[in-house]
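# A structural walkthrough
Each chain, written out:
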Amino acid sequence: MNYNLAAPMFQHSLAQPSRLALSVADREVSYAELAALSQRMAHWVATAGASRPRGFVGILASRSVEAYAGVLGACWSGNAYVPLNPELPEERLAQLLGIIQPVALIADDAGRKALSGRVREACAAPILNSLDELPVFDPADRPCDVAAEEVGYMIFTSGSTGVPKGVLVPNRAVHHLVNMLQDVYGFGPDDRFSKAYNLSFDGSVHDMFTAWNAGGSLHPVPAAMLMAPMKFIQERELTVWASVPSTAVFLERLRMLRAGAFPSLRCTIFSGEPLPLRSALAWQQAAPNSVVDNICGHTECCVFSTLDRLTDPPNVTPKRGLVAIGKPLPGFEAAVFDESCNPLGTDQEGELALAGPQVALGYFGDAARTAARFPVIDGRVWYRTGDLVYREPSGIYHHLGRIDQQVKIRGHRVELGEVEAHLAEICGSDAVAAVAWPVDHGSARGVVAFHCVEGVTAEDVRDGLMRRIPRYAVPQQVLRLTSLPLTSNGKIDRKLLVEMLEREVVAVS
Amino acid sequence: MNERLAIREYLQNLLRQTGDRNGFADNDSLLMSGRLDSVDTLDLVVFLEEKYGIDFAARGFDKNDLDSLDGIMALIGATPPGVSL
């Protein structure tokens with residue numbers, strides 16, 4: 001069997017060549033056109049990177065034909081794709097390119113703007129600058145044979161040491177994801193899928209490959225409409241909506257979720273951050289023909305892991321006003337672990353651990369971290385998620401927060417340790433701390449940084465961080481204290497720092 | 001206070017809360033450029049609803065309309081008669 005991620009799209013291009021596969025900006029791309037473009041991309045990658053063994057193809061693109069054909073072309077050629085957000089700071093982009101050493105880089109207009117001299121220096125690979133550079137279509141060519149365990153893609157997430165972690169996801173994980181979701185939702189060629197997630201966010205893996213596995217069409221949401229996509233959903237008559245819950249929260253707050261506003265929707269999937277019950281109920285009213293699912297996922301488990309379907313009465317996590325994260329999706333085994341990876345019983349709080357065919361291979365070039373986060377227990381690989389949960393007797397899981405310093409800021413994973421690592425370098429001192437604050441309904445609004453170095457201004461810190469880490473992780477406030485509070489163990493007392501912020505007793509530098 | 005100045009002051013305050021102390025021209029992009037995020041946008045929408053009576057639920061929401069000070073002024077100017085500014 002060929003596990004090439006481009007194979008289902010290619011099969012549909014033979015069976016239903018004129019059917020719509022992608023509608024991006026003002027361009028409608030049929031399955032035949034998408035397959036041809038992907039094949040030409042693959043041929044270009046193979047030619048451009050001919051002197052190198054298979055490896056990574058960087059996709060420095062977003063919401064464009066080049067981005068999606070680039071992803072498919074990279075897969076078609078037997079390489080793994082790595083999405084790179086063109087909005088990343090120059091230094092971060094150069095750092096990622098230095099890590100992955102791509103065999104080729106595919107850029108769209110936005111990507112080309114990000115290709116500064118510094119970024120180009122970090123990338124020795126050939127760069128596709130225009131679709132006009134692609135070789136001619138070879139109708140005899142087919143997606144290259146790839147194995148289940150070969151890497152399909154790598155997505156970077158925040159790393160606690162200051163270096164981003166590249167999560168290696170094998171083809172079999174995506175294969176399981178799309179076929180499992182096909183069984184859960186019964187997707188078909190008439191389904192019209194949203195694509196709200198950025199390519200560098202793993203939700204996009206679901207959007208693209210589920211749509212093309214079903215023979216349906218993919219509709220990237222223009223950036224200007226992401227916050228309030230009512231018109232887009234209505235005009236495109238979308239049947240499947242997948243996004244972070246912030247979309248529902250925003251629309252609900254603006255009273256825009258009118259009853260029956262989205263009659264075409266039949267599946268709504270919220271993931272990436274906690275889903276407030278109030279917003280879920282408002283969305284359900286607006287989309288009366290849709291199931292409304294809260295899905296908890298992890299990049300290390302290929303996008304989606306557990307599901308809770310909004311019911312009457314709903315499954316709510318007590319005292320948090322959030323929809324529960326539900327039960328493991330088919331194929332997953334879930335458990336609650338203590339610190340030593342011993343399974344805990346119902347109603348006991350511990351770390352959510354997951355096993356199954358969607359578990360990733362580990363972190364690129366980081367065997368120690370892989371061994372720590374992906375322990376093998378009785379011959380089975382588990383992923384320790386870091387999520388603090390408990391399981392009620394009915395089998396429903398509830399999310400209570402994190403056991404580590406990872407936070408979600410508007411859906412983005414941020415390791416506070418990474419912010420601190422850069423902060424320490426900028427300040428020239430280890431006496432630094434970063435906390436998520438304020439937190440509303442389980443989602444952090446931003447980061448606040450603390451340091452103790454006289455003469456280092458908030459502007460110095462913010463300017464330095466803006467060059468190193470994504471904008472959403474840059475602290476909104478930088479505060480200088482005479483010393484950092486410590487716990488009885490001598491560690492920085494982050495809880496007290498948060499309490500100080502809440503009581504507004506911190507002196508701003 | 002002049003409406004343009006009042007809104008400029010409000011936007012400056014929003015930016016300040018994000019740690020952004022840089023100035024901005026009347027036609028500078030604030031939302032699409034990422035200087036203000038979704039939560040800031042929500043704050044701005046609530047401000048415009050409360051202070052200027054703009055009903056986004058009725059007129060619809062387009063991020064481009066709020067992207068710059070000029071855009072916001074045009075939006076306020078386009079508010080239907082009967083809404084006192």
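Computed from a predicted structure; not experimentally measured.

### Structural notes on the overall build of chain A
When helices and strands are counted, chain A shows 15 helices and 30 strands. The C-alpha radius of gyration of chain A comes to 23 Å, within 12% of the 23 Å expected for a compact globule of 509 residues. Principal-axis analysis of the C-alpha atoms places the extent of chain A at approximately 70 × 55 × 50 Å. Looking at the 509 residues of chain A, the share that counts as buried comes to 61%. Sequence separation of at least 24 residues holds for 68% of the intrachain contacts in chain A that already meet a minimum separation of 6. Carbon and sulfur atoms form 51% of the exposed surface of chain A, whose accessible area is close to 19,600 Å². Within chain A, the 55 negative side-chain charges are centred at a point lying 2 Å from the centre of the 46 positive side-chain charges.

### Structural notes on the packing of aromatic side chains
Each aromatic ring pair is characterised by the separation of its centres together with the angle its planes make. Tallied over the entire structure, the rule returns 18 aromatic pairs over all chains. Pairing phenylalanine 374 of chain A with tyrosine 383 of chain A gives two aromatic rings, centres 5.1 Å apart and planes at 40°, and the pair type is tilted. You'll find phenylalanine 374 of chain A and tyrosine 383 of chain A in the same group, each marked buried. When the centroid spacing of 6.1 Å and the interplanar angle of 80° are considered together, the rings of phenylalanine 47 of chain B and tyrosine 52 of chain B count as edge-to-face. With respect to class, phenylalanine 47 of chain B is no different from tyrosine 52 of chain B; both count as buried.

### With respect to the environment of alanine 228 of chain A
Note on placement: alanine 228 of chain A falls in the loop between strand S10 (217–220) and helix H9 (230–236). With relative accessibility at 5%, the residue alanine 228 of chain A sits in the buried group. Sequence separation of alanine 228 of chain A and phenylalanine 10 of chain A is 218 residues, and the distance between their C-alpha atoms is 33 Å. Apart from residues lying up to four places away in sequence, alanine 228 of chain A is in contact with Phe250 and Leu251 of chain A together with Phe61 of chain B.

### A short note on the pairing of strand S8 (residues 165–170) of chain A
Residues and elements named next belong to chain A. For S8, the buried fraction is high: 6 of the 6 residues fall into the buried class. Of the two faces of S8, both are covered, the one formed by Lys165, Val167 and Val169 as well as the one formed by Gly166, Leu168 and Pro170. Relative to S8, strand S7 (residues 151–157) runs antiparallel, the two sharing 6 bridges. What sits directly across from valine 151, in S8, is proline 170.

### Here's the deal with the sheet that holds strand S30 (residues 477–480) of chain A
All names here are of chain A. With mixed pairing, the 3 strands of this open sheet are ordered in space as S26-S29-S30. Both outer strands of the open sheet, strand S26 (432–436) and S30, are each paired with one neighbouring strand and no more. In this sheet, neighbouring strand axes are inclined to one another by 20° on average, regardless of whether the strands run parallel or antiparallel. Here S26 runs beside strand S29 (residues 447–451); their pairing, made up of 5 bridges, is antiparallel. If you follow alanine 436 over to S29, its bridge partner there is valine 447. Along the sheet face, helix H13 (residues 416–427) touches S26 and S29 and points at about 145° away from the line of S26. Contacting S26, S29 and S30, helix H15 (residues 494–502) runs over the sheet at an angle of about 65° to S26.

### Looking at the interface of chain A and chain B
Of the residues lining the interface, 17 residues belong to chain A; the matching set on chain B comes to 26 residues. For the pair chain A and chain B, the summed buried area comes to about 1,900 Å², and 56% of that belongs to carbon and sulfur atoms. Its largest share of buried area at the contact with chain B, chain A owes to Ala224, Met227 and Arg445 of chain A, together 27% of the area lost on that side. For the interface between chain A and chain B, the tally reads 2 salt bridges. In this structure, the salt-bridge partner of arginine 255 of chain A is aspartate 55 of chain B, at a minimum N-O distance of 3.2 Å. The tally of links from chain A across to chain B stands at 2 residue pairs in polar contact (both at pLDDT 80 or more).

### Considerations on the pattern of salt bridges
All names here are of chain B. Applying the stated criterion to the full structure yields 23 salt bridges over all chains. Arginine 4 serves as the salt-bridge partner of aspartate 70, at 2.9 Å between the closest nitrogen and oxygen. With a gap of 66 residues between them, aspartate 70 in helix H4 (residues 69–77) and arginine 4 in helix H1 (residues 3–17) connect regions that are remote in the sequence. Among the salt bridges present, the one from arginine 8 reaches aspartate 26, with a minimum N-O distance of 2.8 Å. Of this pair, arginine 8 sits in helix H1 while aspartate 26 is found in the loop between H1 and helix H2 (38–52), placing the two residues 18 residues apart along the sequence. Relative accessible area serves as the criterion here: at 18%, arginine 8 is assigned to the buried category.

### Here we look at helix H4 (residues 90–100) of chain A
Burial in H4 of chain A covers these residues: Arg92, Leu93, Ala94, Leu96, Leu97 and Ile100 of chain A. Glutamine 101 of chain A sits one or two residues past H4 of chain A and shows a positive phi near 45°.

### Digging into the pairing of strand S3 (residues 56–60) of chain A
Residues and elements named next belong to chain A. Buried residues dominate S3, accounting for 5 of its 5 residues. The pairing of S3 with strand S4 (residues 80–83) spans 4 bridges and is parallel. Counted as the bridge partner of glycine 58 is valine 82 from S4. Read from S3 through helix H3 (residues 65–76) to S4, the crossover connection turns out right-handed. Pairing analysis gives 4 bridges linking S3 to strand S5 (residues 104–107), with the strands arranged parallel. Within S5, the residue paired with valine 57 across the bridge is alanine 104.

### Some thoughts on the environment of proline 313 of chain A
Residue and element names in this part refer to chain A. Within the fold, proline 313 resides in the loop between strand S14 (306–309) and strand S15 (316–317). For proline 313, a relative accessible area of 62% puts it in the exposed group. For the pair proline 313 and phenylalanine 364, spaced 51 residues apart in sequence, the C-alpha separation works out to 43 Å.

Definitions and limits used
Think of each chain on its own: its residues are numbered from 1, step by step along the sequence as written. Naming scheme: in the order in which they are written, chains are lettered from A and ligands are numbered from 1. Given that this is a predicted model, residues contribute local features only at a pLDDT of at least 70 and side-chain atom pairs are listed and counted only at 80 or more, while totals for whole chains, interfaces and linings are drawn from all residues. Hydrogen atoms and water are omitted, and side-chain values are computed over all heavy atoms in the structure. By the criteria applied, helices consist of DSSP H or I runs no shorter than four residues and strands consist of E runs no shorter than two, each listed in order from the N terminus. Note that the radius of gyration is over C-alpha atoms, with the globule rule given as 2.2 Å times the number of residues to the power 0.38. Remark: exposure states derive from per-residue accessible area (1.4 Å probe, protein chains only) relative to the maximum for the residue type, with buried under 20%, exposed over 50%, and partly exposed in between. We call two residues in contact whenever any of their non-hydrogen atoms come within 4.5 Å of each other. Here the accessible surface of atoms and residues is derived via Shrake-Rupley with a 1.4 Å probe, and residues count as covered only by protein chains that are part of the display. In this count, Lys and Arg are taken as positive residues and Asp and Glu as negative ones, while His and the chain termini are left out. Lysine's charge is taken at NZ, arginine's at CZ, aspartate's at CG and glutamate's at CD. Whether two aromatic rings pair depends on their centres lying within 6.5 Å, for rings of Phe, Tyr and Trp, where Trp uses its six-membered ring; planes under 30 degrees apart make the pair stacked, over 60 edge-to-face, and the rest tilted. Strand pairing is assigned whenever DSSP identifies at least 2 bridges connecting the two strands. All axes are obtained by fitting lines to C-alpha atoms, using only the stretch in contact for helices, and the reported angles, taken between N-to-C directions, cover 0 to 180 degrees. Once two parts are put together, the accessible area they lose, assessed with a 1.4 Å probe and summed over both, is termed the buried area. Salt bridges are counted wherever a side-chain nitrogen of Lys or Arg sits within 4 Å of a carboxyl oxygen of Asp or Glu. Think of a polar contact as two N or O atoms within 3.5 Å of one another; within protein, one of them needs to be a possible hydrogen donor and the other a possible acceptor, and neighboring residues in sequence only count if both atoms come from side chains. Handedness is read with the strands pointing away from the viewer; a crossover is right-handed when the path from the first strand over the helix to the second is clockwise.

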